[in-house]
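Structure assessment
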Amino acid sequence: MRLIPANRWSLAFADLTLLMLGFVVLSFVRPAPPADRVDADVILPAIEFAWPASVLFEPREAMLTSIGREKASEVAGAAGTGARQINVSMTGRSDASARLDQWELSAARMAAFARGLKASGVDESAIVIGGQSQVIDDEPQHLIATIRTSSSVIAPANGTALASQITNGLEE
């Protein structure tokens, strides 16, 4: 009995068939939809406060008025213990004083408000002093305090709307 040699094309056909079968199997494997993924650090919407600098500070100085100290306490109260970051920034143009130019006065005012936040119980590591925004027109100076918190969202693999918020490492 004589064996018939296998043709080379039959081996190539078998390889091609197995390769196509592998692609079909892989087409059914898909990553989880975005709703099912766990996002470890989700930034929640920020709480923003803005006041005219003329209300918070003495004229042409970086000293908080009594209203300025009240507003610092108000921001500290709104931040509570869940604040990851409180950003203090200035916008607008200020009148320079005899000893401070506009930039120095803005920086000193932001630092004075940050000290007011610290005196109201905010952790020093949570306070970030931002910069002065550039202003095209002669808009009066405003102080902006932005409170940011972080949380973790935990969602089950089946995509239901179950989520829990974890703030500063503590479950609420």
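Residues numbered from 1 in each chain as written. Predicted model: local features only at pLDDT ≥ 70, side-chain atom pairs only at ≥ 80, totals over all residues. Heavy atoms only, no water.

Quick look at the overall build of the protein chain now. In terms of helices and strands, the protein chain carries four helices and eight strands. Sequence-ordered secondary structure for the protein chain, helices as α and strands as β, is α-β-β-α-α-β-α-β-β-β-β-β. When contacts within the protein chain are restricted to residue pairs at least 6 apart in sequence, those whose partners lie at least 24 apart make up 75%. Accessible surface, the protein chain: about 11800 Å² in total, of which carbon and sulfur atoms supply 60%. (Helix = DSSP H or I, 4+ residues; strand = E, 2+ residues; numbered from the N terminus. Contact = heavy atoms within 4.5 Å. Areas by Shrake-Rupley, 256 points an atom, 1.4 Å probe, with all protein chains shown as cover.)

A complete count under the given rule lists two salt bridges for this structure. Of the charged contacts in the structure, one is a salt bridge between Lys118 and Glu124, with a shortest N-O distance of 3.1 Å. The class of Lys118 is partly exposed, set by a relative accessible area of 47%. (Salt bridge = Lys/Arg side-chain N within 4 Å of Asp/Glu carboxyl O. Buried < 20%, exposed > 50% of the residue type's maximum accessible area, 1.4 Å probe, protein only.)

Quick look at the confidence of the model for the protein chain now. Taken residue by residue, the protein chain gives an average pLDDT of 75. The fraction at 70 or more is 65%. For the protein chain, per-element mean pLDDT is lowest for strand S7 (residues 166-167), which scores 36, and highest for helix H3 (residues 66-79), which scores 92. Long-range and interchain partners of residues 151-172, a stretch whose pLDDT sits below 50, account for 42 contacts in this model, where long-range means more than four residues apart. (pLDDT = per-residue confidence, 0-100.)

Together, Leu16, Leu19, Met20, Phe23 and Leu26 make up an exposed nonpolar region whose accessible area comes to about 550 Å². Along the chain, Met20 falls in helix H1 (residues 8-27). (Patch = residues over 30% accessible without salt bridge, like charges linked within 9 Å, V, L, I, M, F, W, Y side chains within 5 Å.)

Two measures describe an aromatic ring pair: the distance that separates the ring centres and the angle between the ring planes. Applying the stated rule across the entire model yields two aromatic pairs. Aromatic side chains Phe49 and Trp51 sit 5.5 Å apart centroid to centroid with 15° between the ring planes, which places their arrangement in the stacked category. Like Trp51, Phe49 is buried. Both rings, one in Trp51 and one in Phe113, keep their centres 6.2 Å apart while their planes meet at 45°; by these two values the pair is tilted. Pair noted here: Trp51 is in strand S2 (residues 47-52) and Phe113 is in helix H4 (residues 102-119), with a separation of 62 residues, a long-range link. (Phe/Tyr/Trp six-rings, centres within 6.5 Å; stacked < 30°, edge-to-face > 60°.)

Time to look at the environment of Arg115. Structurally, the position occupied by Arg115 is in helix H4. Accessibility expressed as a relative area gives 58% for Arg115, which makes it exposed.

The biggest cluster of nonpolar side chains holds 24 residues, and the ones touching the most others in it are Phe57, Val75, Phe113, Leu117 and Leu143. For this core, the secondary-structure elements that each account for two or more residues are S2, helix H2 (53-56), H3, strand S3 (85-91), H4 and strand S5 (142-148). For this core, the leading source of residues is H4, giving five residues. If near-sequence neighbours (up to four positions away) are discounted, Leu143 is found in contact with Phe49, Ala50, Trp51, Leu56, Phe57, Val88, Ser89, Met90, Arg109 and Phe113. (Core = buried A, V, L, I, M, F, W, Y, C linked by side-chain atoms within 4.5 Å.)

Attention shifts here to H3. Its 14 residues give H3 an end-to-end C-alpha distance of 20 Å, which sits within 8% of 20 Å, the value for a rise of 1.5 Å per residue. Those residues of H3 lying buried are Gly68, Ala72, Val75, Ala76 and Ala79. Viewed end-on, H3 has its buried residues packed into an arc of 100°, placing them on one side of the element. In H3, the exposed positions angled more than 90 degrees off the buried face are occupied by Glu70 and Gly77. Those residues of H3 that are buried are in contact with S2, H2, S3, H4 and S5. (Expected span 1.5 Å × (residues − 1). Arc of directions from axis to C-beta.)

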